There are 2 protein chains.
Amino acid sequence: MSQPVITSARFFVGRTGDGLISFGSGQPDLPPPRAVFDILPHYSAFKYGLTQGQENLREALSKQYPHASPEQFVITNGASEALDLSLRVLARFHGAKRCLIPRPYYYSYPFNVEFAPMGVEYYDLKDGKIDLDHFLEQMKKADVVLINSPSNPTGAVQDIPVLKEIERLTQEKNLWVISDEVYKDLIYDRDNYLIQGERVITINSFSKTYAMCGYRVGYLYGRQSDFIDMVVEMKNHTSMNTNILGQEMAYTATCVPMDEINKQVAVWRERRDTIYDGMKALGLDLWKPEGAFYVFPKMKDSTRVVNELYYKHNMITYDGAWFGAPDRVRFSYALEVSKILEGLERLEGYLKKNPGVVSG
Amino acid sequence: MSQPVITSARFFVGRTGDGLISFGSGQPDLPPPRAVFDILPHYSAFKYGLTQGQENLREALSKQYPHASPEQFVITNGASEALDLSLRVLARFHGAKRCLIPRPYYYSYPFNVEFAPMGVEYYDLKDGKIDLDHFLEQMKKADVVLINSPSNPTGAVQDIPVLKEIERLTQEKNLWVISDEVYKDLIYDRDNYLIQGERVITINSFSKTYAMCGYRVGYLYGRQSDFIDMVVEMKNHTSMNTNILGQEMAYTATCVPMDEINKQVAVWRERRDTIYDGMKALGLDLWKPEGAFYVFPKMKDSTRVVNELYYKHNMITYDGAWFGAPDRVRFSYALEVSKILEGLERLEGYLKKNPGVVSG
C-alpha cells in the first residue's frame with residue numbers, strides 16, 4: 001500500500017494509534033477549570049441569546065481591559081470567527097483592500113484575508129521577531145495590519161518598544177490593527193504588551209488560557225462603536241449568537257482566580273525547557289519560545305522530514321511550509337514531559353540517519 | 001421623552017415588561033426534549049472536534065435522508081452559518097455571481113447573498129406561493145437558486161409539483177439549489193417535498209424541530225464531495241468545529257422518537273387555528289399557514305402599525321418591510337393560546353380606531 005504524502009494538517013485529523021506521539025495540534029492537554037463543568041447539571045436555557053454575546057460574560061471581560069466597557073465586546077465562535085468577522089467588516093464597510101500579516105504566520109491568516117476578501121501582504125520575521133524597518137516599509141502597502149504576539153507558530157513574544165512604536169505609527173496613519181492575543185496568558189519570562197488604540201481590534205479566546213478549544217468561545221474587543229455595530233449586524237446574519245451554554249461556561253471560567261490559571265504556566269515552562277534543551281543538544285537551530293507552546297526548529301526539506309517522522313517514527317509534526325516557513329518544522333509541546341522525552345529520542349534516531357536535515 | 005422609530009427587529013432585543021405580548025421573535029417557546037439536558041452532568045470533553053462535525057451526529061443525520069452518507073454533511077453554527085458558508089463557497093470556488101431568492105424573504109437572505117459576495121435577484125411569491133412562469137423567467141438571471149419551504153415569514157408550503165419541476169429544471173441547467181428546510185418538521189396538513197439532486201444543498205437546524213435555538217447547531221447536506229470539501233476547508237479557517245457539547249446534545253435529540261416530537265405539531269396547529277380564525281374575524285386579509293409558525297396579514301402602512309402596536313398596545317410584531325413585503329406585518333404565534341387571544345383583543349381595539357389599516 002502506498003503512503004499518501006502529507007500536505008496539510010488535515011491529514012492528521014483523527015489519527016491515533018499505538019505509540020503515536022503527537023507534536024501536532026495546538027491545543028492544551030490540561031483540562032479546563034473544574035468550575036466550568038459544575039454549572040452543567042443545572043443548565044436549562046434554550047432560547048436565542050444576544051448576537052453580541054451574553055451580558056455577564058461581556059461585563060466580566062470588560063474588567064480585564066483598562067477603560068473598557070461591555071458594549072465594546074462581541075462574543076464569537078472562537079478567535080477564528082472574531083478574525084473572520086473583523087476582516088469581512090473592514091473589507092465591506094470600511095473599504096479596506098490589503099492586510100499585512102506576519103510570516104511565518106498562523107496557517108489560517110492568508111485564507112482569512114483572502115476570504116474577506118482582501119489582498120495579502122507579508123512582513124517577514126527575523127528569528128521570530130519583527131524587524132521594524134522592514135515592517136514600516138511593508139505597512140505602506142496595507143490598510144489593516146495583523147499582529148500576533150505571542151505567536152503561533154514561532155513561540156516568540158514581540159518586544160515592548162517595537163509594539164509601542166507600531167501602535168503609535170498605525171494610529172497616526174489611521175490604519176486598523178488586528179491584535180491576535182490568544183496566547184497572552186501563556187508567557188514564560190515577562191509581561192506582554194497589549195496594543196491599544198481607537199482603531200485597534202483585540203482578538204482573544206477561551207481555547208488556550210482555559211483549554212476550552214472544543215467549546216469555541218472567543219471574542220473581539222474594539223473601541224469604535226460603529227465597527228462593533230457592523231460586526232454584530234453581520235454576525236446576526238452569518239451565525240447569530242454564540243452557543244449560550246459555551247458562553248456561560250466561559251463566564252464561569254472568568255470567575256476562577258487567575259492564580260489558579262497561572263499555576264499551569266509552570267507546567268508549560270518545564271515542557272518548554274525540556275524540548276528546547278533537548279533540541280539544542282541534538283544540534284538543532286531554534287530560538288527559545290517566550291510564549292505559547294511551540295518550538296520551530298530549522299530543518300532542511302521540511303516536507304520530507306514531516307513525512308518520514310510520521311511514517312517511520314510514528315510522530316506527528318507540522319510542516320513549516322504550512323506556516324510560510326518551508327525550512328522549519330513546528331512541534332507543539334502540549335503533551336507530558338515523558339512523551340516529549342520519548343519524542344526527542346525518536347528524533348535523535350532520525351537525525352543520526354539524516355544528518356543533512358540539521359542546517360549548518 | 002420621544003419614542004425612537006422601530007426600524008429593525010434588533011430594536012426588540014431584550015425588551016420585556018409588564019403585559020408585553022410578543023409576536024416577534026421566531027423561536028419555539030416549548031422546550032427541547034428533556035433527554036438533551038440529561039447528558040450534561042456527565043460531560044467532560046474539551047478538545048477540538050472535527051471541523052466537519054462529530055461522527056455520531058453526522059451518522060444519525062444521514063439516516064434521515066435517502067441514500068445519504070455521513071461524509072455528505074457538515075455541522076454548522078446554526079442554519080445561518082450553513083447558508084453563509086454555502087454562498088461563500090459557491091461565490092469563491094464555483095464562480096457563482098447571482099443568487100435568486102424569494103420575496104417576501106427571511107430577512108437575512110439579501111445580506112447573506114451580498115456578503116458572499118453575490119448579486120441578489122428576486123422571485124415574487126403570489127400569496128406565499130411560487131408562480132412557476134415568473135420563477136423560470138427570473139431563474140435565467142442566476143447561478144444559484146434559494147428555496148425556502150415551509151417559509152419564514154409567509155408560513156406557506158410550496159406545492160409538490162412545483163418543487164419537482166424546479167428540481168428538474170435547475171438540475172438540467174446545472175444551477176445550484178440551496179433548499180432551506182429549517183421548518184420541514186413543522187407542517188400541519190400534508191407532507192413537504194425535499195428537493196434532491198447533485199447540485200442541491202439542503203440546509204437544516206436543530207432550532208425549530210428541537211427548540212435548540214440558543215445552542216446554534218445546524219447543518220448542510222450536499223452530494224458533491226468537492227463542494228463539501230471546500231465548505232470544511234473554509235470553516236476550518238472561519239470558525240473551526242461547531243461547539244462539541246451542542247453537537248452531542250443535538251445527537252441526543254436525534255435519538256428521541258419522532259412521535260414525541262410530532263406531538264408538538266398538535267400544539268402548533270391549535271395556535272395557528274386560533275390566530276388565523278381570530279384574524280379572519282377581524283377582517284384581515286391573510287392566507288392560512290401550512291407550516292412554520294407565522295401569519296402574515298396585509299396591513300396598510302406596516303411601519304406605522306408596528307410602531308403603534310408596540311407603543312400604544314404593548315405588542316411586538318415585525319414589519320413586513322424587513323422581509324420585502326411593506327404592506328404586511330409578521331406575527332409569530334410561538335406563544336400560549338391565552339396570550340394569542342389577549343393579543344387578538346388588543347389588535348381588535350387598534351383596528352377599530354384605525355380601520356384604514358385593513359386593506360379593502
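Residues numbered from 1 in each chain as written. Chains lettered and ligands numbered in written order. Predicted model: local features only at pLDDT ≥ 70, side-chain atom pairs only at ≥ 80, totals over all residues. Heavy atoms only, no water.

A few words on the overall build of chain A. Helix and strand counts for chain A stand at 11 helices and 12 strands. Taking 360 residues into account, the globule formula puts the C-alpha radius of gyration at 21 Å, and chain A, at 21 Å, falls close to it. Residues counted as buried form 62% of the 360 residues belonging to chain A. Surface accessibility of chain A: about 13600 Å² in total, with carbon and sulfur atoms responsible for 49%. Distance between charge centroids for chain A: 3 Å, based on 41 positive and 45 negative side chains. (Helix = DSSP H or I, 4+ residues; strand = E, 2+ residues; numbered from the N terminus. Rg over C-alpha atoms; globule rule 2.2 N^0.38 Å. Buried < 20%, exposed > 50% of the residue type's maximum accessible area, 1.4 Å probe, protein only. Areas by Shrake-Rupley, 256 points an atom, 1.4 Å probe, with all protein chains shown as cover. Lys, Arg positive; Asp, Glu negative; His and termini not counted. Charge placed at Lys NZ, Arg CZ, Asp CG, Glu CD.)

Bringing the pairing of strand β7 (residues 200–205) of chain A into the picture now. Residues and elements named next belong to chain A. The buried count for β7 comes to six of six residues, which makes it a mostly enclosed element. Side chains V200, T202 and N204 project from β7 onto one buried face, and the interleaved I201, I203 and S205 project onto a second face that is buried too. As paired strands, strand β6 (residues 176–180) and β7 are joined by four bridges and run parallel to one another. What sits directly across from I178, in β7, is I201. (Pairing = 2+ DSSP bridges.)

Moving on, we come to the pattern of salt bridges. Per the counting criterion, the structure on display carries 46 salt bridges over all chains. For A:D301, the salt bridge is made with A:R304, and the minimal N-O distance between the two is 3.1 Å. The exposure class assigned to A:D301 is partly exposed, which follows from its relative accessible area of 44%. Residue class for A:R304 comes out partly exposed when judged on its relative accessible area of 34%. Of the charged contacts in the structure, one is a salt bridge between B:E121 and B:R98, with a shortest N-O distance of 2.7 Å. Separated by 23 residues along the polypeptide, B:E121 in strand β4 (residues 119–124) and B:R98 in strand β3 (residues 98–103) bring together distant segments of the chain. Look at B:E121 and you get buried, because its relative accessible area is 15%. (Salt bridge = Lys/Arg side-chain N within 4 Å of Asp/Glu carboxyl O.)

Below, the discussion takes up the sheet that holds strand β11 (residues 318–319) of chain A. All names here are of chain A. Strands sit in the order β9-β12-β11 across an open sheet of three strands; the sheet is antiparallel. One side of each edge strand has no neighbouring strand; the edge strands of this open sheet are β9 (294–295) and β11. Both β9 and strand β12 (residues 329–332) contribute to a ladder of two bridges, which runs antiparallel. Across the sheet, residue Y294 finds its bridge partner in β12, namely S332.

All right, on to the relation of the copies chain A and chain B then. By a simple turn and slide, chain A fits onto chain B: the slide is 0.0 Å along the axis, the RMSD is 0.0 Å, and the turn is 180°. A rotation of that kind, with that shift, is consistent with a two-fold axis. Closest approach to the rotation axis among the C-alpha atoms of chain A is made by A:P41, whose C-alpha sits 2.2 Å away. (Least-squares fit on C-alpha atoms with pLDDT ≥ 70 in both.)

Bringing the interface of chain A and chain B into the picture now. On the chain B side, the residues contacting the 58 residues of chain A number 58 residues. Carbon and sulfur atoms make up 55% of the surface buried where chain A meets chain B, a total of about 4800 Å² over both sides. Three residues, A:F46, A:Y48 and A:H237, lead the burial of chain A against chain B; their summed loss comes to 16% of the area buried on that side. At the surface where chain A touches chain B, the tally comes to six salt bridges. Its salt-bridge partner being A:R92, residue B:E114 comes within 3.5 Å of it at the nearest N-O pair. (Contact = heavy atoms within 4.5 Å. Buried area = accessible area lost by both parts, 1.4 Å probe.)

What follows covers the side chain of A:S80. For A:S80, the location among the structural elements is in helix α3 (residues 78–93). Under the relative-accessibility criterion, A:S80 is labelled buried at 9%. Beyond its immediate sequence surroundings of up to four residues, A:S80 is in contact with A:R216, B:H237, B:T238, B:S239 and B:M240.

Overall, the coordinates contain 56 aromatic pairs over all chains when judged by the stated rule. Ring centres 5.8 Å apart and planes at 50° place the aromatic pair A:F73 and A:Y219 in the tilted group. In this pair, A:F73 sits in strand β2 (residues 73–76) while A:Y219 sits in strand β8 (residues 218–222), placing the two residues 146 residues apart along the sequence. Across the pair, exposure class does not vary: A:F73 and A:Y219 are buried alike. Between the NZ or CZ atom of B:R15 and the centre of the ring of B:F11, over which it lies, the distance is 3.8 Å. (Phe/Tyr/Trp six-rings, centres within 6.5 Å; stacked < 30°, edge-to-face > 60°. Lys NZ or Arg CZ within 6 Å of the ring centre and 35° of its normal.)

Our next topic: the packing of helix α2 (residues 55–62) of chain B against helix α8 (residues 244–254) of chain B. Residue and element names in this part refer to chain B. Direction vectors running N to C along α2 and α8 enclose 30°, while the axes themselves pass 9 Å from each other. By crossing handedness, the relation of α2 to α8 is classed as left-handed. Residues N56, L57 and A60 of α2 touch α8, and the partners they reach there are Q247, E248, A250, Y251 and T254. For the contact of α2 with α8, a count of residues per class yields four nonpolar, three polar and one charged. (Axes fitted to C-alpha atoms, helices over the stretch in contact; angles between N-to-C directions. Left-handed = near helix turned anticlockwise from the far one by under 90°. Nonpolar A, V, L, I, M, F, W, Y, C, P; charged D, E, K, R; others polar.)

Now for the domain arrangement of chain A. Interfaces are frequently sized by the accessible area removed from exposure as the parts join. Residue and element names in this part refer to chain A. For chain A, the assigned domains read domain 1 (9–31 + 259–357) and domain 2 (36–254). Contact with domain 1, which involves 26 residues of that partner, is made by 28 residues of domain 2. Both sides together, the interface formed by domain 1 and domain 2 hides about 2300 Å², and carbon and sulfur atoms give 59% of it. Among the residues domain 1 hides against domain 2, the three largest losses belong to W287, E290 and F323. Together they make up 29% of the total. Put simply, domain 1 and domain 2 have one salt bridge between them. Where K129 meets E290, a salt bridge forms, and the shortest distance between an N and an O atom there is 2.9 Å. Counting the contacts that link domain 1 with domain 2 gives 15 residue pairs in polar contact (both at pLDDT 80 or more). For the side of domain 1 that touches domain 2, the leading source of residues is helix α9 (residues 258–281), giving five residues. (Domains from an automatic or database assignment. Polar contact = N/O pair within 3.5 Å; in protein donor to acceptor, adjacent residues only side chain to side chain.)

All names here are of chain B. Here we have three strands laid out as an open sheet, ordered β9-β12-β11, and antiparallel in their pairing. Each end of this open sheet is capped by a strand with a single partner; those strands are β9 (294–295) and β11 (318–319). Strand direction decides the pairing type here: β11 and strand β12 (residues 329–332), joined by two bridges, are antiparallel. Bridge pairing in β12 places D319 opposite V329.

Bringing the packing of helix α10 (residues 302–313) of chain B against helix α11 (residues 337–353) of chain B into the picture now. All names here are of chain B. α11 packs onto α10 with a crossing angle of 120° between their chain directions and a minimal axis gap of 11 Å. For the element pair α10 / α11, the angle class is oblique. Every pair of crossing elements has a handedness; the one defined by α10 and α11 is right-handed. Residues R304, V305, E308, L309 and H313 of α10 touch α11, and the partners they reach there are R346, L347, G349, Y350 and K353. (Parallel < 35°, antiparallel > 145°, perpendicular 65-115°, else oblique.)

Position of B:N77 relative to the elements: it lies in the loop between β2 (73–76) and α3 (78–93). With 15 residues separating them in the primary sequence, B:N77 and B:R92 have C-alpha atoms 20 Å apart. Among residues more than four places away in sequence, those in contact with B:N77 are A:N77, A:S239, B:R216, B:K235, B:S239, B:T242 and B:N243.

Moving on, we get to unusual backbone geometry. Backbone torsion omega between A:N152 and A:P153 reads 20°, so that peptide bond is classified as cis. Examined against the element boundaries, A:P153 turns out to sit in the loop between β5 (144–148) and α6 (160–172). The residue after B:A116, namely B:P117, is reached through a cis peptide bond having omega -5°. By the element assignment, B:P117 lies in the loop between α4 (109–115) and β4. Non-glycine residue B:H67 carries a positive phi angle of around 60°. Considering the arrangement of structural elements, one finds B:H67 in the loop between α2 and β2. A positive phi is found at B:M240, a non-glycine position, where the angle reads about 60°. Relative to the assigned elements, B:M240 resides in the loop between α7 (225–238) and α8. Residue class for B:M240 comes out buried when judged on its relative accessible area of 10%.

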